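# Fold and contact review
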Amino acid sequence: EVANQIFGVAVWNFPYAFYVRIPDYVAFLESIKPQLESRLEGSAANAYTGDLTIGFYTRKYLKLVFEQGKIASIEMLDAEDSFHPNAQFPYETFSSVLMGCRTVAELNHIHTDVASNNTVRTLLNIMFPIRRPSISLLG
């Protein structure tokens, strides 16, 4: 209301009004890697070592390799027939996690084909905490 009265702009009152498409998960994650590693530091996943594989119900999957709490590599790879990722996200639902709009548990409640194990949920909740969207009017 205040922004509308002072600046004459409309304020959108819905918590999830915008859709952001991420065409290249690897490039996006590489660009925010320092922030992700700082969120891991001191968390329940501090010094985590292991692989995180995320499938999209396609022949491709995203692989993040962690070494002592640092992200050693991020790759999009081709899946073999017998491959089973740690998590599966249909369509563009993974973007909702990356943008901090939804947790894995919330997405699983909405889309029953969102699947993950406890390690994935813990890592993603730490790296991508829920955030309310905001737009700054001041430069």
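Note that this is a predicted model, so its numbers are computed, not measured. (Residues numbered from 1 in each chain as written. Predicted model: local features only at pLDDT ≥ 70, side-chain atom pairs only at ≥ 80, totals over all residues. Heavy atoms only, no water.)

## Re the overall build of the protein chain
Operational definition: Only DSSP runs of H or I covering at least 4 residues are called helices, and only runs of E covering at least 2 are called strands; the numbering of each starts at the N terminus. Only protein chains enter the calculation, and the probe is 1.4 Å; a residue is then buried if its accessible area is under 20% of its type maximum, exposed if over 50%, and partly exposed in between. By definition, residues are in contact when any of their heavy atoms lie within 4.5 Å. All accessible areas in this document rest on Shrake-Rupley with a 1.4 Å probe, and a residue is counted as covered only by the protein chains that are shown.
For the protein chain, the count of helices and strands is six helices and five strands. Each helix and strand of the protein chain, placed in order from N terminus to C terminus, yields the pattern α-α-α-β-β-β-β-α-α-β-α. The buried share of the protein chain, taken over its 139 residues, is 34%. For the protein chain, long-range pairs separated by at least 24 residues make up 58% of all intrachain contacts whose partners lie at least 6 apart in sequence. Of the roughly 8,800 Å² that the protein chain leaves accessible, carbon and sulfur atoms contribute 53%.

## Topic: helix α3 (residues 33-40)
Selection rule: Directions from the helix axis toward the C-beta atoms define the arc.
Restricting attention to buried positions, one finds in α3 the residues K33, L36, E37 and L40. With its buried residues spanning 95° around the axis, α3 presents them on a single face. At its buried positions, α3 is contacted by α2 (25-31), β2 (60-67), β3 (70-78) and α6 (118-127). Just beyond α3, the residue with positive phi is G42, at close to 80°.

## Description of the sheet that holds β3
By definition, the strands of a sheet pair up through backbone hydrogen bonds, in either a parallel or an antiparallel sense. What counts, and what does not: For two strands to be treated as a pair, DSSP must find no fewer than two bridges joining them. All axes are obtained by fitting lines to C-alpha atoms, using only the stretch in contact for helices, and the reported angles, taken between N-to-C directions, cover 0 to 180 degrees.
Sheet architecture is open: five strands sit in the order β3-β2-β1-β4-β5, paired in mixed fashion. Single-partner strands in this sheet number two, and they are β3 and β5 (115-116). Examined bridge by bridge, strand β1 (residues 50-55) and β2 share six bridges and lie antiparallel to one another. If you follow L52 over to β2, its bridge partner there is L64. Contacts from α3 reach β2 and β3, with the element oriented near 120° to β3.

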